[in-house]
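# Descriptive analysis of the structure
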Amino acid sequence: MSGDTETQPQHHWQGVLSSALDAVGHTPLIKLQRIAQEEGLKCNLLGKCEFFSAGGSVKDRIAKRMVEHAEKQGILIPGQSIVIEPTSIGLALACAIKGYQCIITLPAKMSLEKEVMLRALGAEIVRTPTEAAWDSPESHIGIARKLQKSIPGGVILDQYSNPHNPLAHYYGTYEEIVHSLKTSDLPRKDISLLVAGAGTGGTITGLGRAIRDYEASLPQTNGNGSSHVRTTILAVDPEGSILGGGEPGNYQVEGIGYDFFPEVLDPNPPVVDKWLKTNDEEAFTATKRLIRKEGLFVGGSSGSALSGTIRYLHSSEGQQIAQDPNANVVVILPDGVRNYMSKPWFLETSKSPTGEDVGDKEDIKDTIKGILGRDLNDVGSVVQSKGERGEKLEKGDQLMV
Ligand SMILES: N[C@@H](CCSC[C@H](N)C(=O)O)C(=O)O
């Protein structure tokens with residue numbers, strides 16, 4: 001990582017920001033105290049909440065850094081260049097602010113909310129078949145390459161190979177986590193366990209390298225050990241992705257996993273100690289739990305990271321960290337539920353965060369029904385019964401129809 005200039009991390013807002021790009025990153029590290037307690041975990045379970053970033057995702061960081069460095073290197077020229085890239089909202093946001101035309105190739109599985117947001121930012125969207133292998137001409141990568149060849153001024157920043165992807169985390173995300181811990185009232189300021197999902201792999205690789213470089217910079221002790229723990233680094237990968245092992249297949253969680261190993265991903269020790277596989281069901285259950293119990297409006301990949309973390313902490317390997325009240329466990333929560341509001345897994349609101357029907361919820365529903373004499377959602381009957389009684393409808397009644 002040497003040879004690159006470090007961006008100055010900014011840890012809180014000061015004065016007036018020059019654009020939304022200044023509000024990329026700088027996200028809070030929040031205790032997941034209620035979930036930790038329910039799970040019987042004594043460690044400090046902490047979520048790095050990336051949905052607080054301007055574009056709502058951890059990917060804002062790499063978009064901003066890749067665009068700014070491409071400008072410095074003359075790869076992107078205002079008024080001439082057209083940015084073509086597989087995903088993301090952060091990139092479309094950077095292009096909207098800087099005035100670049102932007103074409104986003106988006107696998108069919110990606111949510112309508114993402115498409116709508118991208119369009120609102122002025123990006124052109126090309127949907128591609130999800131099942132297309134990464135190196136097929138029809139994939140989101142293949143189509144982006146095809147367009148770039150034929151569109152004058154077309155530039156692919158290529159998050160899969162661009163070194164500024166992991167560097168955004170090496171310098172930005174890592175510095176922020178360190179700052180949050182140092183300025184906290186937690187007894188220890190180091191990280192015992194770091195957990196992140198992998199898509200391009202930029203997050204886990206950048207953070208992992210920053211952590212290992214820091215550890216290597218510590219003075220060696222004379223056998224009594226350092227007061228700084230060696231951080232265990234876990235990568236979480238959905239079933240259906242090959243990054244953490246297994247065969248390629250379909251899964252609903254978005255933004256993590258791939259059918260190839262991106263160049264920016266360093267999947268082996270010392271950067272990544274271990275890979276954990278998660279499935280859609282546990283990811284979505286954990287997502288709803290983060291919303292319901294911690295009030296954090298996270299998306300599906302956050303649930304994936306949390307469910308992998310909890311499974312590890314309950315394993316014999318994770319017990320020591322799980323039961324240490326001084327240990328800090330940092331889980332990267334990559335984006336927000338804004339991107340998935342219409343997805344069936346989120347719309348299923350009649351289920352509890354654990355997937356079971358909840359008795360006490362039914363009790364309160366029955367109480368409300370008893371008081372109102374109608375079903376909770378049956379606004380039509382209010383109007384109808386008023387009409388039947390010959391009562392005048394009021395403005396509010398009409399609005400409810
Ligand atoms: N066929 C590719 C692309 C699928 S979508 C991208 C990514 N896997 C995601 O789910 O966000 C693949 O299988 O990776």
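Residues numbered from 1 in each chain as written. Predicted model: local features only at pLDDT ≥ 70, side-chain atom pairs only at ≥ 80, totals over all residues. Heavy atoms only, no water.

With that settled, consider the overall build of the protein. Across its full length, the protein carries 14 helices and 10 strands. Taking all 401 residues of the protein together, 50% fall into the buried category. In the protein, the proportion of contacts linking residues at least 24 apart, taken out of those at least 6 apart, comes to 67%. Just so you have it, the protein exposes about 19,100 Å², and 52% of that area is on carbon and sulfur atoms. (Helix = DSSP H or I, 4+ residues; strand = E, 2+ residues; numbered from the N terminus. Buried < 20%, exposed > 50% of the residue type's maximum accessible area, 1.4 Å probe, protein only. Contact = heavy atoms within 4.5 Å. Areas by Shrake-Rupley, 256 points an atom, 1.4 Å probe, with all protein chains shown as cover.)

The buried fraction of strand E8 (residues 232–238) is high, at 7 of 7 residues. On E8, burial covers both faces: Thr-232, Leu-234, Val-236 and Pro-238 on one face and Ile-233, Ala-235 and Asp-237 on the other are all buried. As paired elements, strand E7 (residues 193–197) and E8 share 5 bridges and run parallel to each other. Residue pairing in the sheet places Val-195 in a bridge with Leu-234 of E8. (Pairing = 2+ DSSP bridges.)

Here the focus is a nonpolar patch on the surface. A cluster of nonpolar side chains, namely Ile-364, Ile-368, Ile-371, Leu-372 and Leu-376, defines an oily patch on the protein surface of about 450 Å² accessible area. Tracing the chain through its elements places Leu-376 in the loop between helix H12 (359–372) and helix H13 (379–388). (Patch = residues over 30% accessible without salt bridge, like charges linked within 9 Å, V, L, I, M, F, W, Y side chains within 5 Å. Salt bridge = Lys/Arg side-chain N within 4 Å of Asp/Glu carboxyl O.)

This part takes up the site of the ligand. Around the ligand, the structure places 14 residues, and the nearest of them are Lys-109, Thr-130, Tyr-251, Gly-255 and Gly-257. Lys-109 has a polar side-chain atom sitting 2.5 Å from an oxygen atom of the ligand. Within the backbone of Gly-255, a nitrogen or oxygen atom sits 2.7 Å from an oxygen atom of the ligand. When the ligand is considered free in solution it has 360 Å² of accessible area, and contact with the protein chains removes 94% of it. When its residues are assigned to classes, the shell around the ligand shows 7 nonpolar, 4 polar and 3 charged. (Near = heavy atom within 4 Å. Polar contact = N/O pair within 3.5 Å; in protein donor to acceptor, adjacent residues only side chain to side chain. Nonpolar A, V, L, I, M, F, W, Y, C, P; charged D, E, K, R; others polar.)

Right, let's talk about the confidence of the model for the protein for a bit. The predicted model of the protein averages 91 in pLDDT, with 88% of residues at 70 or higher. This complex was scored by the predictor with a pTM of 0.91 and an ipTM of 0.94. (pLDDT = per-residue confidence, 0-100.)

Here we come to the nonpolar core. The tendency in soluble globular proteins is for nonpolar side chains to be buried as a group. Judged by nonpolar contacts, the single largest core of 30 residues is most densely connected at Ile-177, Leu-194, Ile-204 and Val-330. Taken together, the elements giving at least two residues each to this core come down to helix H6 (164–182), E7, helix H7 (202–217), E8 and strand E10 (328–333). Those residues in contact with Ile-204 that sit more than four places away from it in its chain are Ala-196, Ala-198, Ile-233, Leu-234, Ala-235, Leu-265, Val-271 and Val-272. Grouped together as the second largest cluster of nonpolar side chains are 28 residues, Ala-36, Leu-41, Val-236 and Val-329 included. (Core = buried A, V, L, I, M, F, W, Y, C linked by side-chain atoms within 4.5 Å.)

Within a sheet, each strand pairs with its neighbour through backbone hydrogen bonds, oriented either parallel or antiparallel. As summarised here, the arrangement of the 4 strands in space is E5-E4-E3-E6, forming an open sheet in which the pairing is parallel. Edge positions in the open sheet fall to strand E5 (124–128) and strand E6 (154–155), since each of these has one partner strand only. Together, strand E4 (101–107) and E5 form the strand contacts of helix H4 (residues 112–120), whose direction differs from that of E5 by roughly 155°. (Axes fitted to C-alpha atoms, helices over the stretch in contact; angles between N-to-C directions.)

With that settled, consider the domain arrangement of the protein. The domains assigned to the protein are domain 1 (20–57 + 166–347), domain 2 (76–155) and domain 3 (360–400). On a C-alpha basis, the centres of domain 1 and domain 2 stand 27 Å from each other. Contacts between the two partners involve 19 residues from domain 1, matched on the other side by 16 residues from domain 2. Counting across the domain 1 and domain 2 interface gives 1 salt bridge. Note that Glu-254 is salt-bridged to Lys-114, the shortest N-O span being 2.8 Å. The interface formed by domain 1 and domain 2 includes 10 residue pairs in polar contact (both at pLDDT 80 or more). For the side of domain 1 that touches domain 2, the class distribution of residues is 10 nonpolar, 5 polar and 4 charged. (Domains from an automatic or database assignment.)

The next point concerns the packing of aromatic side chains. What the rule picks out here adds up to 9 aromatic pairs. An angle of 75° between the planes, with centres 6.0 Å apart, marks the rings of Trp-345 and Phe-346 as edge-to-face. Taken as a pair, Trp-345 and Phe-346 share a single burial class, namely buried. (Phe/Tyr/Trp six-rings, centres within 6.5 Å; stacked < 30°, edge-to-face > 60°.)

Between helix H2 (residues 59–72) and H6, whose axes approach to 8 Å, the crossing angle comes to 125°. When the axis of H2 is compared with that of H6, the two are oblique. Viewed along their axes, H2 and H6 form a crossing whose handedness is right-handed. The segment H2 lies against H6, with Arg-61, Ile-62, Arg-65, Met-66 and His-69 engaging His-164, Asn-165, Leu-167, Ala-168, His-169, Tyr-171, Gly-172, Thr-173 and Glu-176. (Parallel < 35°, antiparallel > 145°, perpendicular 65-115°, else oblique. Left-handed = near helix turned anticlockwise from the far one by under 90°.)

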